[in-house]
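Spelled out, the chains give:
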Amino acid sequence: MDRGGPVARRRDPRDELPPADFQFPQDSDGDAVSEVKRRSSNTGDWAPGYIDYLYFSASNAMAFSPTDVMPLSVRAKLFMMVQAITGFVLLALVIARSVNVLS
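Everything quoted here is computed from the prediction, not taken from an experiment. Numbers given for residues are sequential positions, taken from 1 along each chain in its written order. Totals for whole chains, interfaces and linings use all residues, but because this is a predicted model, local features are given only for residues with pLDDT of at least 70 and pairs of side-chain atoms are given and counted only at 80 or more. Values shown for side chains rest on all heavy atoms present in the structure; no hydrogens or waters enter the calculation.

*Asks:* Just to check I follow, could you spell out the layout of surface pockets for this structure?
*Replies:* One simple way to see leftover space: roll a probe sized like a water molecule over the atoms. One number sums up the size of the largest pocket: a volume of about 200 Å³. We place a 1 Å grid over just the protein atoms. Points where a 1.4 Å probe fits but has no way out form a cavity, open points with protein on both sides within 12 Å along at least 5 of 7 lines form a pocket, and any residue with an atom within 4 Å of a point lines it. Residue lining of the largest pocket: Met1, Asp2, Pro6, Arg9, Phe22, Tyr53, Phe56, Ser57, Asn60, Phe79, Met80 and Gln83, and that is the complete set. Under the scheme used here, helices are H or I runs from DSSP no shorter than 4 residues and strands are E runs no shorter than 2 residues, and both carry numbers assigned from the N terminus. When contributions to the lining of the largest pocket are tallied by element, the ones reaching two or more residues are α1 (6–11), α3 (50–63) and α4 (74–102). Grid points are joined across faces, edges and corners, and a volume is the space filled by probe spheres set on the points.

Here's what the structure looks like:
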């Protein structure tokens, strides 16, 4: 989904990728101090990988909001909304079942 998918992000040069759906912190670290700047997407040619998306997904599901990765496109916002609502409904069902069992 983001920037043409995992194959395109590794294969194609950065300037040929489609627009990003998510803004990771590394995308805005270009003007940071030198030790942080080395890992930025501008300097280190960083691209998000599986673990980055896994962490982003877990933090979105647990916090019910974007924590450090911001959605940029409409479809990214919709996917994040569906994930947060699904997590909330699942949590509500588990709590309701627990209350029912205890009663």
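Once you've had a look at it, read on.
*Asks:* How do you make sense of the side chain of aspartate 21 when you look at a structure like this?
*Replies:* With respect to the helices and strands, aspartate 21 occurs in the loop between α1 and β1 (22–23). Pairing of N or O atoms within 3.5 Å defines a polar contact, subject to two protein rules: one partner must be a possible hydrogen donor and the other a possible acceptor, and residues neighboring in sequence count only if both atoms are side-chain atoms. A polar side-chain atom of aspartate 21 sits 2.7 Å from a polar atom in the side chain of serine 73. Contacts were defined at the residue level, with two residues in contact if any of their heavy atoms lie within 4.5 Å. Among all residues touching aspartate 21, those that are not within four sequence positions of it are Met1, Asp2, Arg3, Met70, Pro71, Leu72, Ser73, Arg75 and Ala76.

*Asks:* Whenever I open this one, the side chain of aspartate 2 confuses me. Can you help?
*Replies:* Within the fold, aspartate 2 resides in the segment before α1. At 2.6 Å, the side chain of aspartate 2 and the backbone nitrogen of aspartate 21 are in polar contact. Residues contacting aspartate 2, with those up to four places away along its chain left out, are Arg9, Ala20, Asp21, Phe22, Phe24, Pro48 and Tyr53.

*Asks:* Mind showing me how you'd approach α4 here?
*Replies:* Each α-helix turn comprises 3.6 residues. Residues three or four places apart therefore point the same way. Working rule for helices: expected span equals 1.5 Å times residues minus one. Its 29 residues place the ends of α4 42 Å apart at the C-alpha level, agreeing with the 42 Å of an ideal helix rising 1.5 Å per residue. Exposure categories follow from relative accessible area, calculated using a 1.4 Å probe and restricted to protein chains: below 20% of the type maximum is buried, above 50% is exposed, and the middle band is partly exposed. Residues of α4 that are buried include every one of Ala76, Met80 and Ala84, and no others. If you follow the buried residues of α4, they end up packed against β1, α3 and β2 (70–71).

Any link to function would need more than the numbers given here.
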